[in-house]
Amino acid sequence: MPDSWIDRFEGLSRLPPDIRSVLETGSAIVTVPAGTPIFEPGSRPGNFLLLLDGTVRVQQKSDTGREVILYRVNAGESCVMTTACMLAHEDYSADGIAETDVTAVAIPRAAFDDLTGRSPAFREFIFRAYSRRITDLFTLIDDIVFQRMDVRLAARLLQLAQDGDTVNATHASLATELGTAREVVSRTLAEFQRRGWIQQGRGTVLLTGREGLNRLARTSNDR
């Protein structure tokens, strides 16, 4: 591990010694078990979190109960929703859940406000990360509104399978990933199976026709 956790975050390693000292002494390293809610709608952030290890899933639920995963925060990243709420002094509007065991740096609001106000390098780090994540969210919105569901599902199955052939996911969890209804995922998977591209099991999807899935997923680049 580097001499300081600061060096694990691009942009923070350039902080001058006095700001690094304030950041290190004013923060604490915390651990959170998998499955623990980190924030929820209506709660107000007291700390700015920078992830050292693990993954946090940020998701939103509609009035009808449908859930959509907005993004995931991985090691070396910060949460854009926390950033927005800290800057605007507003409550969260989504859920943040530790998808794995998480180790993070917790920077209290007072230290966050102080460093944001007097350190250009710290501000640049905050807003650069914010900008990248906002771009990701616009891409998600574009996919949900304009992209065909079969294309999105094919791409997601290939992504989840990585170098293997088995995806461990239920229809409901895939629907949450894609921001659609479980019934839509079930119908689309049934069509994939009819074409010989997959075989379905209890909580699993076996990829048996990668070429077909790849061909369908590539149509997203032809829009």
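Going by an unreviewed UniProt entry, the protein chain carries the name Crp/Fnr family transcriptional regulator and comes from Histidinibacterium lentulum.

### Concerning the packing of helix 5 (residues 149-161) against helix 7 (residues 182-194)
Axis separation between helix 5 and helix 7 bottoms out at 10 Å; the angle between their running directions is 75°. Compared by their axis directions, helix 5 and helix 7 come out roughly perpendicular. Residues Met149, Asp150, Leu153, Ala154 and Leu157 of helix 5 form the contact with helix 7, whose own contacting residues are Val184, Val185, Thr188, Leu189 and Phe192. Per-class residue counts for the contact of helix 5 with helix 7 are 8 nonpolar, 1 polar and 1 charged.

### Quick look at the sheet that holds strand 8 (residues 166-168)
In a beta sheet, neighbouring strands pair by backbone hydrogen bonds and run either parallel or antiparallel. Strand order in this open sheet of 3 strands is 8-10-9, and the pairing throughout is antiparallel. The sheet is open, and its two borders are formed by strand 8 and strand 9 (198-201), each paired with just one other strand. Sheet twist, expressed as the mean angle between neighbouring strand axes with direction ignored, is 20°. Pairing of strand 9 with strand 10 (residues 204-207) involves 4 bridges; the strand directions are antiparallel. Among the inter-strand pairings, isoleucine 198 is bridged to a residue of strand 10, identified as leucine 207.

### Observations concerning the sheet that holds strand 2 (residues 37-39)
The antiparallel open sheet is built from 4 strands, whose spatial order is 2-6-4-5. The open sheet has two free edges, formed respectively by strand 2 and strand 5 (67-74), since each of these has just one partner strand. Averaged over all pairs of adjacent strands, the angle between their axes in this sheet comes to 30°, without regard to strand direction.

### Some remarks on the UniProt feature "domain: Cyclic nucleotide-binding" (unreviewed entry) in the protein chain
On the UniProt side, "domain: Cyclic nucleotide-binding" (unreviewed entry) is annotated at positions that read residues 11-133 here. Summarising residues 11-133: 34% helix, 33% strand, and an end-to-end C-alpha distance of 16 Å.

### Some points on the UniProt feature "domain: HTH crp-type" (unreviewed entry) in the protein chain
Following the UniProt record, the feature "domain: HTH crp-type" (unreviewed entry) maps to residues 147-211 here. Helix makes up 55% of residues 147-211 and strand 17%. Its end C-alpha atoms lie 20 Å apart.

Reading the values: the criteria
- Residues numbered from 1 in each chain as written.
- Predicted model: local features only at pLDDT ≥ 70, side-chain atom pairs only at ≥ 80, totals over all residues.
- Heavy atoms only, no water.
- Axes fitted to C-alpha atoms, helices over the stretch in contact; angles between N-to-C directions.
- Helix = DSSP H or I, 4+ residues; strand = E, 2+ residues; numbered from the N terminus.
- Parallel < 35°, antiparallel > 145°, perpendicular 65-115°, else oblique.
- Contact = heavy atoms within 4.5 Å.
- Nonpolar A, V, L, I, M, F, W, Y, C, P; charged D, E, K, R; others polar.
- Pairing = 2+ DSSP bridges.
- UniProt positions renumbered as here; feature names shortened; annotations may be inferred.

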